[in-house]
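Close look at the chain arrangement
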Amino acid sequence: MSPQISPSILAADFARLADEAEAVRGADWLHVDVMDNHFVPNLTLGLPVVESLRKATDIPIDCHLMIEDPDRWAPQYAEAGAGSVTFHVEAAAAPVRLAREIRSLGARASMALKPATPIEPYEDLLSELDMLLIMTVEPGFGGQSFLDIMLPKIRRTRELINRHGLQLWLQIDGGVSAETIERCADAGADVFVAGSAVYGAEDPAEAVRRLRAQAAAATEGSPWVHRH
Ligand code: DX5
Ligand code: ZN
């Protein structure tokens with residue numbers, strides 16, 4: 001799959017979200033970080049904002065739920081029209097049941113791992129998912145430095161995906177920029193969340209195009225890349 005970019009509106013102006021979505025026209029997804037001040041020490045936005053944003057933009061919404069009890073809340077984000085719903089495995093009571101429910105509501109089901117959560121225990125769950133998110137910072141805040149120590153986990157996850165012949169997308173989130181995206185693409189990531197690197201740029205839409213081109217160039221000829 002060719003690389004996709006999902007700009008994170010956490011770095012945008014929350015009073016002008018419709019304009020900020022327009023500012024990244026051409027992006028593959030719009031990444032919406034939902035935080036509840038329990039799973040992470042920060043509070044952002046919830047369902048009403050996602051519902052409104054969905055009506056305000058054609059860009060599909062990529063919801064990243066950093067919340068407790070996703071088993072209860074995540075399906076409502078699928079019902080609200082998010083194209084992709086990501087829950088954290090550390091917070092989910094029944095990740096398989098939850099992934100199936102999200103899919104049955106018509107959204108892509110995605111599961112996230114914090115930096116200290118290994119991929120290996122979840123190998124058998126991968127077939128239930130449309131995307132796996134590997135956090136490359138501790139979740140909670142934008143603008144943090146990329147954790148290089150996550151590169152081996154990205155690589156091992158890509159190997160697992162290929163070994164099982166899955167179409168699963170591999171997303172990374174945190175500290176993705178022109179300086180770090182090539183390493184991540186080379187390790188096997190194919191969906192890139194970027195907040196400050198996009199909204200901190202003079203022309204956010206151009207920043208999206210550049211990041212995508214950099215990731216594509218870094219994976220040119222890589223044996224793991226499945227091109228559709
Ligand atoms: C952090 C969020 C990220 C955040 C990334 O917990 O999940 O999506 O917006 O921001 P940057 O790209 O600035 O690291
Ligand atoms: Zn996020």
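Conventions adopted
Residues numbered from 1 in each chain as written. Chains lettered and ligands numbered in written order. Predicted model: local features only at pLDDT ≥ 70, side-chain atom pairs only at ≥ 80, totals over all residues. Heavy atoms only, no water. UniProt positions renumbered as here; feature names shortened; annotations may be inferred. Donors = N, O, S within 2.8 Å, 3.2 Å for Na, K, Ca; no water. Tetrahedral: all angles 85-135°; square planar, octahedral: opposite > 155°, others 65-115°. Buried < 20%, exposed > 50% of the residue type's maximum accessible area, 1.4 Å probe, protein only. Core = buried A, V, L, I, M, F, W, Y, C linked by side-chain atoms within 4.5 Å. Contact = heavy atoms within 4.5 Å. 1 Å grid on protein atoms, 1.4 Å probe; cavity = no way out; pocket = protein on both sides within 12 Å on 5 of 7 lines; lining within 4 Å. Helix = DSSP H or I, 4+ residues; strand = E, 2+ residues; numbered from the N terminus. Polar contact = N/O pair within 3.5 Å; in protein donor to acceptor, adjacent residues only side chain to side chain.

- Under an unreviewed UniProt entry, the name given to the protein is Ribulose-phosphate 3-epimerase, and the source organism is Streptacidiphilus cavernicola.
- The annotation that UniProt attaches to the protein under Sequence similarities (unreviewed entry) is "Belongs to the ribulose-phosphate 3-epimerase family."
- Turning to the protein, the UniProt record has this under Catalytic activity (unreviewed entry): "D-ribulose 5-phosphate = D-xylulose 5-phosphate".

**What about the coordination of the zinc ion (ligand 2)?**
- Looking at the zinc ion (ligand 2), the protein donor atoms are His31 (NE2), Asp33 (OD), His64 (ND1) and Asp173 (OD), and they sit 2.1 to 2.3 Å from it.
- Each of the six donor atoms bound to the zinc ion (ligand 2) contributes to angles spanning 72 to 172°, and the resulting shape is octahedral.
- Owing to a relative accessible area of 0%, His31 belongs among the buried residues under this scheme.

**Comments concerning the nonpolar core**
- Ranked by internal contacts, the top residues of the largest apolar core, which has 63 residues, are Ile9, Val32, Val85, Leu132 and Phe192.
- Setting aside residues up to four positions removed in sequence, Val85 forms contacts with Cys63, Leu65, Ala74, Tyr77, Ala78, Ile102, Ala107, Arg108, Ala109 and Ser110.

**Observations concerning the UniProt feature "active site" (unreviewed entry) in the protein**
- What UniProt calls "active site" (unreviewed entry) maps, in this numbering, to Asp33 and Asp173. For the residues just named, distributed over 141 residues, the greatest C-alpha separation is only 10.6 Å, placing them together at one site. Considering only the annotated residues already named, the ones lining the largest pocket are Asp33 and Asp173.
- Counting through the fold element by element, Asp33 comes out in strand 2 (residues 30–35).
- Those residues in contact with Asp33 that lie beyond four places of it in its chain are Ser8, Leu10, Thr44, Leu45, His64, Met66 and Asp173.
- Among the polar contacts made by the side chain of Asp33, one reaches the side chain of His31 at a distance of 2.9 Å.
- With respect to the helices, strands and loops of the structure, Asp173 is situated in strand 7 (residues 169–173).
- Here Asp173 is in contact with His31, Asp33, His64, Leu133, Ile134, Met135, Thr136, Val137 and Val193, once residues within four sequence places are set aside.

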